[in-house]
Amino acid sequence: MEVERVQAVASGADLNEFPAKFIRPAHERPENTKPLEGVSVPVISLAESHDVLVKEIYKACSEWGFFLLKDHGISPGLIEKLQEVGIEFFKQPQEEKEKYANDPSAGKFEGYGTKMTKNLDEKVEWVDYFFHLMSPPSNVNHQIWPQIPSSYREVTEVYNKELLKVTDTLLELLSEGLGLEGKVLKSHVGGDEIELEMKINMYPPCPQPQLALGVEPHTDMSALTLLVPNDVPGLQVWKDDNWVVVDYLPNALFVHVGDQIEVLSNGKYKSVLHRSTVNKERTRMSWAVFCAPPHKAMIGPLPELVDEQNPAKYSTKTFAEYRYRKFNKLPQ
Ligand code: OGA
Ligand code: NI
């Protein structure tokens, strides 16, 4: 099936008319929803003492559902390599990339993708992406990973290993923030079966950035999302009825609380609403890793957090069921 890629639209010589499918409704347009100024998101150093970290992470995740993590132990050199191999992939001629085309309508989510409109009023995002699983090993299909550049696999495998360590640490600190033993959240999101999914977002320069969005406002359905962007800003998070710009912080991990941690914590931690804007001159890219439970995992408010005074605010269901409902915009 022929899919029109955003990268191809952006490089078209004939862009006099900006395609209507990218024009957001008035209430979503960046020109009408300007971010609040003078506010910045929490920044946390993993080099702080354990007790300070538990408190800071609790505060950031209950008030924002988002923070920037520095001193996380992943070397700047590795982050740079990860970005290089992703950039190399997207630099290839269109027909090379099409060999990896995904097909979500046929249940093939991995590969090279661009969202399509299902009906005439539906709007689409100004982004092409590459999506594939990284963990656990039994779920990984290396056939679908980019073959070019040839170092893609090795670099991404090392990054996966490093991120697993950071995820473990964060889940431990988040558990302790809830007054629980360190291992509780990790065991509920599948233990060693936790799934790590890589999504490389590629946002080409956009002729009408005030009318379009890179990704529309959403919360991630993961447990946590750990993202590194390039140096072109664009991510905004929702806080107290305003959008707040996330400034670029070199080598930081942009940590998002996802829906599953909100549910497990019975609402103590907030799944952050976020969006990304696009840039007129420059290509923005981001490497988002979604850390999610296995499909069969049962997710609901942790029994330790629920009693008569604190009734469960969310229903319990498998992650597969949650995904199905989210994809189909059904109530949870
Ligand atoms: C996402 C996302 C934001 C960004 O891929 O879920 O929210 O900064 N991306 O690219
Ligand atoms: Ni997201």
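Everything here concerns the structure above.
Since the model is a prediction, treat every value here as computed from it, not as a measurement. (Residues numbered from 1 in each chain as written. Chains lettered and ligands numbered in written order. Predicted model: local features only at pLDDT ≥ 70, side-chain atom pairs only at ≥ 80, totals over all residues. Heavy atoms only, no water.)

Caption draft 1: Just unusual backbone geometry, in detail. Cis geometry is found at the peptide bond from Ser135 to Pro136, where omega equals -10°. Along the polypeptide, Pro136 turns up in the loop between strand S4 (128-135) and helix H5 (152-177). Between Ile148 and Pro149 the backbone carries a cis peptide bond, its omega angle lying at 0°. Turning to its location among the elements, Pro149 is positioned in the loop between S4 and H5. Phi angles above zero are rare outside glycine, and Asp71 is one such case at about 55°. (Helix = DSSP H or I, 4+ residues; strand = E, 2+ residues; numbered from the N terminus.)

Caption draft 2: Region of interest: the sheet that holds strand S6 (residues 215-218). Pairing is antiparallel across the open sheet formed by four strands, whose spatial order is S6-S11-S8-S9. The open sheet terminates on both sides in strands that have one partner only, identified here as S6 and strand S9 (242-245). Going across the sheet, the axis of each strand differs from the next one's by a mean of 25°, ignoring polarity. Summarising the sheet, strand S8 (residues 235-239) and S9 pair through four bridges and their orientation is antiparallel. Among the inter-strand pairings, Lys239 is bridged to a residue of S9, identified as Asn242. (Pairing = 2+ DSSP bridges. Axes fitted to C-alpha atoms, helices over the stretch in contact; angles between N-to-C directions.)

Caption draft 3: Region of interest: the packing of helix H3 (residues 76-91) against H5. Remark: H3 packs on H5, axes separated minimally by 9 Å, with the N-to-C direction vectors making an angle of 135°. By the criterion of interaxial angle, the relationship of H3 to H5 is oblique. Two packed elements cross with a definite hand, and for H3 against H5 that hand is left-handed. Here Leu78, Ile79, Lys81, Leu82 and Val85 of H3 come into contact with H5, specifically with Tyr152, Val155, Thr156, Val158, Tyr159 and Glu162. Its residues assigned to classes, the contact of H3 with H5 shows eight nonpolar, one polar and two charged. (Parallel < 35°, antiparallel > 145°, perpendicular 65-115°, else oblique. Left-handed = near helix turned anticlockwise from the far one by under 90°. Contact = heavy atoms within 4.5 Å. Nonpolar A, V, L, I, M, F, W, Y, C, P; charged D, E, K, R; others polar.)

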